[in-house]
Amino acid sequence: MSEAAKRSGSPGRRGDARRREATRGDARRREATRGAAATARQDDARPFERPMERSAAPPAWRLRPTGGQRDRQQDRQRDRQRDRHRPPPPRDDDDGGGGGEPGGKKRVGPRRRPPGLSEGRGAPLVLLYLLGLRALVQVSHRQLLRQPPAAGRPGFSAPRARGYLDNITAIGPRTVGSPENEVLAVNYLLEQIRAIERESTDAHKISVDIQRPTGSFSIDFLGGFTSYYANITNVVVKLEPRNGAEHAVLSNCHFDSVPNTPGASDDAVSCAVMLEILNTLSKSSEPLQHAIIFLFNGAEENVLQASHGFITQHEWAKSIRAFINLEAAGVGGKELVFQTGPENPWLVQAYVVAAKHPFASVVAQEIFQSGIIPADTDFRIYRDFGNVPGIDLAFIENGYIYHTEYDTSDRILTDSIQRAGDNILAVLKYLATSDKLAKSFEYRHGNVVFFDVLGLFVLAYPARVGTIMNYTTAAIAFIYLSKKVLQPKTRAIHNLKKFFTAFGLTLLSWVCTLVTVLIVAVFVSVIGRSLSWYTHFYVSVFLYGTAAAAKLILVHTLAKKFFYKNMNEQYLGDIFFDASLMIWSIALAVITQMGLCSAFICTLWVAFPLLTKLLIHKESSQKGATMKFVMMYMLGMFVPYLYMMYLSWTVFEMFTPIMGRSGSEILPDVVLAGFIVVITMILSSYFINFIYLVKSTKATLITLTTVFVVTLILVCSGIFFPYSSDAANPKPKRVFLQHTSRRFHDLEGNVVKSDSGIWINGFDYNGISHITPHVPEINDTIRTPCEEQAPFCGLPWILPVHFMFRKNWYLPAPEIFPRSPIHFKVLSKELMPWKSVRLSFEVSGPSHMSLYIRPHEGSALSTWSLGDGMPVASLGGDYFVFYSHGLQATPWHFWIELTAPEKHSDGIVSLAVAAHYFFGEDQKSPQLYALLERLPNWTFSSGWSCTYDLFVF
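Engineer: What's the story with the overall build of the chain in this structure? I'm lost.
Structural biologist: The helix and strand tally for the chain stands at 24 helices and 22 strands. Going through the 953 residues of the chain one by one, you find that 56% of them count as buried. Of all intrachain contacts in the chain linking residues separated by at least 6 positions in sequence, the fraction that spans at least 24 positions is 83%.

Engineer: Sorry if this is basic, but what is going on with helix α7 (residues 264-282) here?
Structural biologist: Because the α-helix completes a turn every 3.6 residues, residues three or four places apart line up on one side. The first and last C-alpha atoms of α7 sit 25 Å apart over 19 residues, in line with the 27 Å expected at 1.5 Å per residue. Along α7, 19 of the 19 residues are buried, which leaves the element largely enclosed by surrounding structure.

Engineer: How do you make sense of the side chain of Glu787 when you look at a structure like this?
Structural biologist: Relative to the assigned elements, Glu787 resides in the loop between β13 (751-762) and β14 (809-812). Relative accessible area serves as the criterion here: at 10%, Glu787 is assigned to the buried category. What Glu787 contacts, discounting residues up to four positions off in sequence, is Arg742, Phe744, Lys753, Cys793 and Gly794.

Engineer: Explain the side chain of Arg419 here, please?
Structural biologist: In this structure, Arg419 sits in helix α12 (residues 414-432). Judged by its relative accessible area of 1%, Arg419 is buried. Ignoring anything within four residues of it in the chain, the contact list for Arg419 reads Gln143, Leu144, Leu145, Gly333, Lys334, Glu335, His357, Pro358 and Phe359.

Engineer: Mind showing me how you'd approach helix α17 (residues 569-593) here?
Structural biologist: Taking 1.5 Å of rise per residue, the 25 residues of α17 would be expected to cover 36 Å, and the 36 Å separating its terminal C-alpha atoms lies within 8% of that figure. Directly beyond the C-terminal end of α17, a positive phi value near 85 degrees is found at Gly595.

Engineer: Quick question: what am I supposed to make of the packing of helix α15 (residues 492-526) against helix α16 (residues 537-563) here?
Structural biologist: A pair of packed helices is characterised by two quantities: the angle between their axes and the separation of those axes. Interhelical geometry of α15 versus α16 gives an angle of 145 degrees and a closest axis separation of 9 Å. The crossing of α15 and α16 is right-handed. Along the contact surface, α15 presents Thr501, Leu505, Thr506, Ser509, Trp510, Cys512, Thr513, Thr516, Val517, Val520, Ala521 and Val524, while α16 presents Leu543, Tyr544, Ala547, Ala548, Lys551, Leu552, Val555, His556, Ala559 and Phe563. Tallied by class, residues from the contact of α15 with α16 come to 15 nonpolar, six polar and one charged.

Engineer: Would you mind going over the state of the cysteines with me for this structure?
Structural biologist: Such a bond, covalent and formed between the sulfur atoms of two cysteines, is termed a disulfide. Taken as a whole and judged by the stated rule, the model has two disulfides. Two residues share a disulfide in this structure: Cys253 and Cys271, whose sulfurs sit 2.3 Å from each other. Its S-S torsion of approximately 105 degrees makes the covalent link between Cys253 and Cys271 right-handed. Linking Cys253 in strand β5 (residues 248-254) with Cys271 in helix α7, this pair joins segments that are 18 residues apart in sequence. Here Cys786 connects covalently by a disulfide to Cys793, the sulfurs 1.9 Å from one another. With the S-S bond torsion at -80 degrees, the cross-link from Cys786 to Cys793 turns out left-handed.

Engineer: Looking at this structure, I do not really get the sheet that holds strand β21 (residues 909-917). What am I missing?
Structural biologist: Across a sheet, paired strands are connected by hydrogen bonds in the backbone, their directions being either parallel or antiparallel. Reading across the sheet, the nine strands line up as β2-β3-β19-β17-β21-β22-β12-β13-β14 and stay open at both edges, with mixed pairing between neighbours. Each of the sheet's edge strands pairs with one partner strand only, and the pair in question is β2 (215-219) and β14. Put simply, the sheet's adjacent strands are angled 25 degrees from each other on average, direction ignored. Where strand β12 (residues 733-745) lies against strand β22 (residues 939-952), twelve bridges are found, and the strand directions are parallel. Paired with Leu737 across the strands is Gly943, a residue of β22. Along the sheet face, helix α8 (residues 305-313) touches β2, β3 (225-230) and β19 (879-885) and points at about 75 degrees away from the line of β3. Taken strand by strand, helix α24 (residues 926-934) contacts β12, β13, β14 and β22, and its axis lies near 155 degrees from that of β12.

Thresholds applied
- In this convention, every chain numbers its residues from 1, walking through the sequence in written order.
- Confidence filtering applies because this is a predicted model: local features only for residues at pLDDT of at least 70, side-chain atom pairs given and counted only at 80 or more, and all residues used for totals across whole chains, interfaces and linings.
- Water and hydrogen atoms play no part in the side-chain values, which are based on all heavy atoms of the structure.
- Secondary structure elements follow DSSP: runs of H or I no shorter than four residues count as helices, runs of E no shorter than two count as strands, and numbering proceeds from the N terminus.
- Working definition: with a 1.4 Å probe on protein chains only, accessible area under 20% of the residue-type maximum means buried, over 50% means exposed, and in between means partly exposed.
- Any two residues having at least one pair of non-hydrogen atoms within 4.5 Å are treated as being in contact.
- By definition here, a helix of n residues has an expected span of 1.5 Å times n minus one.
- Only C-alpha atoms enter the line fits that serve as axes; for helices the fit covers just the stretch in contact. Angles between N-to-C directions range over 0 to 180 degrees.
- The handedness criterion is simple: a crossing whose near helix is rotated anticlockwise from the far helix by less than a right angle is left-handed, and one whose near helix is rotated clockwise is right-handed.
- Gly counts as polar in this scheme, as do all residues outside two lists: the nonpolar Ala, Val, Leu, Ile, Met, Phe, Trp, Tyr, Cys and Pro, and the charged Asp, Glu, Lys and Arg.
- Disulfides are defined in this document as cysteine sulfur pairs within 2.5 Å.
- Strands are treated as partners if at least two bridges between them are detected by DSSP.

Worth remembering: the numbers are spatial, not functional.
Here it is, written out as structure tokens:
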């Protein structure tokens, strides 16, 4: 066939070609009509997407195609036209999980894509939200009184209580055994009590007793030790109806102080409050149903000795059915109810009903009773030795100056005194007129969940009710999640994989954040910049808070970019919300199973987010992450976020100052960084989904990283000095100095070694690194060596805190010769049955002494005359006895009994005794005075003299 015929084709073929062309033309017209309609529908369904624009290609010269080529080109054009107007295929994430309607139903018709949340709006909004919550918390913590007291109104008078406070602190430091504590303070209290008694009404009877008990007990505080006291002082007052009362409620304070401090907040202000409460009640014409016993105890700082002497020996103690203990862990502010019970929920209910300015938390109770805080109160004594339930309150603000010379009366606000007086007076009056007090044993069983809401009121309910609420809330959350993930059944496996991937990524992001921030904290500690935030708390937020937030966002941003590439943002946000809900639900179930009342926090973090999700589901599924959705979401989260901010700030208020007296072994930056990471994880748990909803996190990451890097550079440069001598707000470094003379004796009683020096202990991780530039001779070349053969390393510890202070320094100094030296002698050595040896001793010396005992290898301390007769070992295996006495105490007699091996050529026991001179002419040597004067003004230095003698028997 010729080339022309091939090009033109036969007549039959030309007819077929025309018919095919006509058919294709009709199809193209129908397709164009359908495409235009689809385009219109898509434009309506995607208002936020720009319409596709067609650009005409520039004309180009090309060869004319043949008929077959034209047909193929037209087919390709029709295919492209159909592709442009066909709805996009459903993506992997649109099926089943969170992309469709509730219950897993698929949406019919073209899938629209909700608009994303812009970072420029989302990040500032979250920041403003958190800052707003923080501002509310600040206002709540600083508002001491709901309304100022009316002038001239009857009731508690803070100005009069302040007068008592000023007079008590004017006496000076009131160390047990000193004339200031045993004579001057006691005489002042008696003078005021007698004046109150003279003005009391006939409805009441006031009785006063001075108790001077002697006793001994063992306690597991600070690793365990035994306490012995002799002739200490208690001032006891009973206010009762004229005809007497069978039952009583106790109110307890202590008027003694630690050495070298005025002790205004700890605990003179509580005694002043109690005096004014006694004055107010005694002038009332309304009689009480039960008695109120006011115990002004004179030896609490000696590890709870006076309260033990009262509750175990005083005749009035048998009538006590409940108590209120007034304490301090800071200077002023609000008084926090941080312990109640044990059990006896009616006591909490009494506080809930009566207290005018409530501030209470079961979380604080469980933290304190866990032993994390190295402190204890008389609450333990009344609970353990008196079997009496009670309420424990303490001032917690400004713990930086607790137990320092700055704890003066002028730093305690009058409003702080007024609120404490209003609360305690109301609760005492409620208990003294309650029928439940007489039958307290009937209401004993059951713990209680309690917490205040911004200081406005207290929520309290039985723990068993809380358990039901917690499990019910967790069950509802699990049902919601299972229904959402497992429907439709055909997509269940797929949905489970997606859900647990998000669950695992959330946990992984938290672990990565924790590890990263702790590495930063260790680095800061290693380079010697620990506690840079101690004076400037927000440095810790800028350093560790920004690092935690940046790391958390980075992990999820990387996951979004590489693992969840091209997946629907709305679906991702939804599934990560569900993952956080699952984590909180599991935590709720586990903590409830552990029996912790603090599980109510998890209930808040499950119930409110779940309710919020159900209420805004329609808004989010139809319109996406709009500003309306974000505002509704944040409003729904208001309660758990506000309470967590409120609680976390209370915890920081308590714990941050403690880092300045937590010893040389704990890295305070690691502890605080850990707290900040935990708070960051909690606060971010329901904002992680925002990372997947926003289009980008670049600006947020850059901002957080910049703040972190700048802060880290400033911290490393040393610009943030840890301590402050600011007169208005001091935050001193604590240093203890003991001018010590030591003598070590052998089995024959000969002195084999002796030395003398000033033993120095810094109370925080920094040790003496900041002091060395001011006093060059105090440096690491004089680190104290441990005398391995002696108990407690041969050092004169006043309390068994050796495990907290392993780094200390010993500056050589001349020997001291106290005017009232210690006298130690062996009274007898007796061979007892079962190969035991009893050694009896007599000791006389200053008001404070420490006894250290170490049985040799093969020997064992089986019994002694102290405590309940069963020796209690301290950490490390040695035995520690703390001794103190008041005025005119007789010599201390005690015996110990040991099982001994047949051969004991090197003796069976090493026994050491240290004498501590906390007041009087023997307190400070000239060398100690001179050294204390050279210390910088941002230190609080407490110094005294002591002797140490080691014997082998």
